[in-house]
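Structural features, examined
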Amino acid sequence: MPVSALQTPADTLEGVLASIRALTLPDKAVIEGMEVLSASGRTFDNFSSRDGKLINKIAACDRADVDAAVHSARQAFEDGRWRALAPKVRKKILHRLADLMTGHAENLSLLESLDTGKPISDARNVDIPLAINSTRYYAEALDKVYGEVAPSPEDRLSYVVHEPLGVIGAIVPWNFPLHMAMWKVAPALAMGNSVVLKPAENSSMTALYTAQLALEAGVPAGVWNVIPGLGGEAGDALSRHMDVDMITFTGSGPIGRQLMRASADSNLKRVSLELGGKSPQIVFADSDDLDGAAANAAWGVFYNQGQVCTAASRLLVEETIKDAFVAKVIAVAKTIRVGDPFDPKTQFGAMISERQMNTALDYIEKGQAEGGKLLLGGERVRSESGGYYVAPSLLDIAQDNILAQEEVFGPVLSVLTFNDEQDAYRIANNTIYGLASGVWTSNIGKAMRAAKALKAGLVWVNGWDACDITSPFGGVKQSGFGRDRSLHALYKYADLKAVSISFKA
Ligand SMILES: NC(=O)C1=CN([C@@H]2O[C@H](COP(=O)(O)OP(=O)(O)OC[C@H]3O[C@@H](n4cnc5c(N)ncnc54)[C@H](O)[C@@H]3O)[C@@H](O)[C@H]2O)C=CC1
Ligand SMILES: O=C(O)/C=C/C=C(\O)C(=O)O
């Protein structure tokens, strides 16, 4: 059980390594308020992305553990130990959780960087603060959930209330482990549900740690269970469970499809899917901030080593400024400090796994084989460390190149050109995905037309990743459906009940 409170973050590589050595690494499931081994006693190996070495062995939950966790969550839901608390009490407890996460932010950052290979500075400045922010946002929102009074005859009162769904199964990925978890867990809990969370097998530790903090904050046992394990075992069993009311998921398209099949084959549980993307960033020649556009073109895809569902992986630049603009992007990319994730100065760390690294390298090779011209990077770096590092890479491609269509989920930026507005929107929309999109222009009319023309759940004009928790996040087409963030995500975890009462004398 974690015990440390506010710590001063180490500001050297040696200091971070010493802090990590001092940590107790979470490795057990959290079910009914207890840290438990898997029922079978099996574990899975958790490897470091930074150097490929074994970090620890974590409980490998399977069907039996999922049954226990869902049973615990159901009991907690039905007896009302959480749902029936006054909203102001639940709010206070979730704020207390956010306070504890803040107190433990350095440990959470260390665990996140250790598990994923992301730079410690990103974990400290982005992942963990955003996870805390989500917790606070939904703590604050939960006592503002009002129902409606519906038009009725005079001797009748008809009203509509939002009721929690019951047991929510949350399945999250490894690219922003705690951040993605709290996008789902915080609104689901705020609405009064119980949650069974399955973290990705590469990145279970911050969720396990935070579930312990939730107990300390006063979230009753059983209300938030965490079952680490393999996707095909724990994740599959959760998705097929007859007593889970909803699966909320972020991850790959193939698993998203599988979750829908599992729902259809079991109890028709709701499914909310946040899947991948091939997001375009369009740069018009009339932009008066081409330096800003270049910085966003680079960081829009290289942040988190490109492992972001909204990665701006297609740069669409107006033909007339192509060469000058691409030179600017390359200049920015060359300043990115690739290095040891535990060095606080590092801006770009390791990819999650050997598999993910090889996927990125394969795509770079295929892109070139299909005529793409490599402009930067394209190779594995820091290989002597044993970790999984790919250089920020840029390719000039044609529209029929595989890199114009398929998600790489790695640090690979593909450059395409367009001639006019309609050409830009046509190319931008020419994928199966529709998650994020961006436009750089100084023409307000063009910005408005682009916002309308782009088929995406998110459109950012003159800035990439420009929204926060207050805006809904999610996609159209094969990027999925359902939204995280904002009040829309809160209501996603509720059902509507319409009541009509006669008071005729
Ligand atoms: N939209 C996003 O943010 C993400 C997209 N991806 C995409 O997916 C590709 C493969 O990455 P993976 O880690 O393999 O993604 P994935 O979709 O397999 O994993 C995401 C989560 O689903 C779970 N899962 C896996 N198989 C499952 C099953 N049969 N039933 C239920 N849950 C299951 C995993 O354990 C993990 O918790 C990446 O290269 C990337 O293109 C991956 C992670 C996040
Ligand atoms: O915008 C953010 O804060 C991060 C979003 C990342 C994802 O949803 C993802 O990569 O899955």
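Source: prediction; values computed, not measured. (Residues numbered from 1 in each chain as written. Chains lettered and ligands numbered in written order. Predicted model: local features only at pLDDT ≥ 70, side-chain atom pairs only at ≥ 80, totals over all residues. Heavy atoms only, no water.)

What to know about the site of ligand 2
For the record, the criterion: We call a residue near a molecule or strand when any one of its heavy atoms sits within 4 Å of it. Pairs of N or O atoms are called polar contacts if they sit within 3.5 Å, as long as, within protein, a hydrogen donor faces a hydrogen acceptor (for residues adjacent in sequence, only side-chain-to-side-chain pairs). To be clear on the numbers: accessible area is Shrake-Rupley with a 1.4 Å probe, and residue cover counts the displayed protein chains and nothing else. Gly counts as polar in this scheme, as do all residues outside two lists: the nonpolar Ala, Val, Leu, Ile, Met, Phe, Trp, Tyr, Cys and Pro, and the charged Asp, Glu, Lys and Arg. What marks off one domain from the next here is an automatic or database domain assignment.
Every residue lining ligand 2 is accounted for by Leu130, Asn175, Phe176, His179, Met180, Trp183, Thr250, Glu274, Val308, Cys309, Asp465 and Phe473. Glu274 has a polar side-chain atom sitting 2.9 Å from an oxygen atom of ligand 2. Notes on ligand 2: free accessible area 320 Å², of which the protein chains cover 94%. Broken down by class, the residue content of the shell around ligand 2 amounts to seven nonpolar, three polar and two charged. Each of domain 1 (15-275 + 482-496) and domain 2 (280-469) accounts for three or more of the residues forming the shell around ligand 2.

Some remarks on helix H6 (residues 177-190)
To keep things clear, this is the line we draw: Numbering of helices and strands runs from the N terminus; a helix is a DSSP stretch of H or I covering at least four residues, while a strand is a stretch of E covering at least two. Take the residue count of a helix, subtract one, and multiply by 1.5 Å to get its expected span. At any given residue, the bend is defined as the angle formed between two axes, one fitted to the seven residues that end at that position and one fitted to the seven that begin there.
The terminal C-alpha atoms of H6, which comprises 14 residues, lie 20 Å apart, in line with the 20 Å expected from a rise of 1.5 Å per residue. The principal kink in H6, of about 25 degrees, is found at Trp183, preceding the proline Pro187 by one to four residues.

Considerations on the UniProt feature "active site" (unreviewed entry) in the protein
What counts here: UniProt positions are given in the numbering used here, feature names are shortened, and annotations may be inferred rather than shown by experiment. By definition in these notes, contact holds between two residues if any of their heavy atoms fall within 4.5 Å.
In the UniProt entry, the feature "active site" (unreviewed entry) is given for Glu274. If you trace the backbone, Glu274 turns up in strand E11 (residues 270-274). Non-local contacts of Glu274, meaning those with residues more than four positions away in its chain, are made with Trp183, Phe249, Thr250, Gly251, Cys309, Leu435, Phe473, Ser479 and Asp484.

Structural notes on the UniProt feature "domain: Aldehyde dehydrogenase" (unreviewed entry) in the protein
Feature annotation in UniProt places "domain: Aldehyde dehydrogenase" (unreviewed entry) on residues 40-499, given in this structure's numbering. For residues 40-499, the end-to-end C-alpha separation is 46 Å, with 40% helix and 20% strand making up the annotated structure.

Description of the site of ligand 1
Around ligand 1 there are 26 residues in total, and Trp174, Glu201, Ser252, Arg355 and Gln356 lie nearest to it. Interatomic distance of 2.6 Å between a side-chain N/O atom of Trp174 and an oxygen atom of ligand 1. Within the backbone of Gly251, an N or O atom sits 3.2 Å from a nitrogen atom of ligand 1. When ligand 1 sits alone it has 800 Å² of accessible area, and the protein chains cover 88% of it. Secondary structure elements with two or more residues in the shell around ligand 1: helix H8 (231-240), strand E10 (246-250), helix H9 (253-265) and helix H12 (354-369). Residues that form the shell around ligand 1 fall into these classes: twelve nonpolar, eight polar and six charged. When residues are assigned to domains, the shell around ligand 1 turns out to be shared by domain 1 (15-275 + 482-496) and domain 2 (280-469), each giving three or more.

A closer look at the pattern of salt bridges
Condition: Salt bridges are defined by distance alone: a side-chain nitrogen of Lys or Arg within 4 Å of a carboxyl oxygen of Asp or Glu. Only protein chains enter the accessibility calculation, which uses a 1.4 Å probe. A residue is then buried if its area is under 20% of the maximum for its type, exposed if over 50%, and partly exposed in between.
Within this structure, the stated rule accounts for 29 salt bridges. A salt bridge links Asp62 to Arg42; the nearest nitrogen and oxygen atoms lie 3.5 Å apart. Note that Asp62 is positioned in the loop between strand E4 (54-59) and helix H2 (63-78) and Arg42 in the loop between strand E2 (34-36) and strand E3 (43-47), a separation of 20 residues in sequence. In this structure Arg42 comes out as partly exposed when scored by relative accessible area, which is 36%. Among the salt bridges present, the one from Arg136 reaches Asp99, with a minimum N-O distance of 2.7 Å.

Description of unusual backbone geometry
Trans peptide bonds make up the majority, and among non-glycine residues the majority have a negative phi. Backbone geometry at Glu32 places phi at a positive 50 degrees, although glycine is not the residue there. Mapped onto the elements, Glu32 comes out in the loop between strand E1 (29-31) and E2. In this model, Gln305 sits at a positive phi of 60 degrees, which is unusual for a non-glycine residue. Relative to the assigned elements, Gln305 resides in the loop between helix H10 (290-302) and strand E13 (314-318).

Looking at the confidence of the model for the protein
We apply this condition: Predictor confidence is given residue by residue as pLDDT, running from a minimum of 0 to a maximum of 100.
Averaged over every residue, the pLDDT of the protein is 97; the share at 70 or more is 99%. Listed scores for the predicted complex are pTM 0.98 and ipTM 0.97.

So, the domain arrangement of the protein
Filter applied, for reference: As a working definition, buried area equals the accessible area (1.4 Å probe) given up by two parts on being put together, with both sides summed.
If you check the domain split of the protein, you get domain 1 (15-275 + 482-496) and domain 2 (280-469). For domain 1 and domain 2, the distance between their C-alpha centres works out to 30 Å. Counting residues at the interface gives 35 residues for domain 1 and 32 residues for domain 2. Taken as a group, Arg50, Trp174 and Arg485 account for 26% of the area that domain 1 buries against domain 2, more than any other trio of residues on that side. Between domain 1 and domain 2 we count one salt bridge in total. In this structure, Asp340 engages Arg50 in a salt bridge whose closest nitrogen and oxygen atoms are separated by 2.8 Å. For the pair domain 1 and domain 2, the number of links is 13 residue pairs in polar contact (both at pLDDT 80 or more). Those elements giving two or more residues to the side of domain 1 that touches domain 2 turn out to be helix H1 (13-21), helix H4 (105-116) and helix H5 (120-141).

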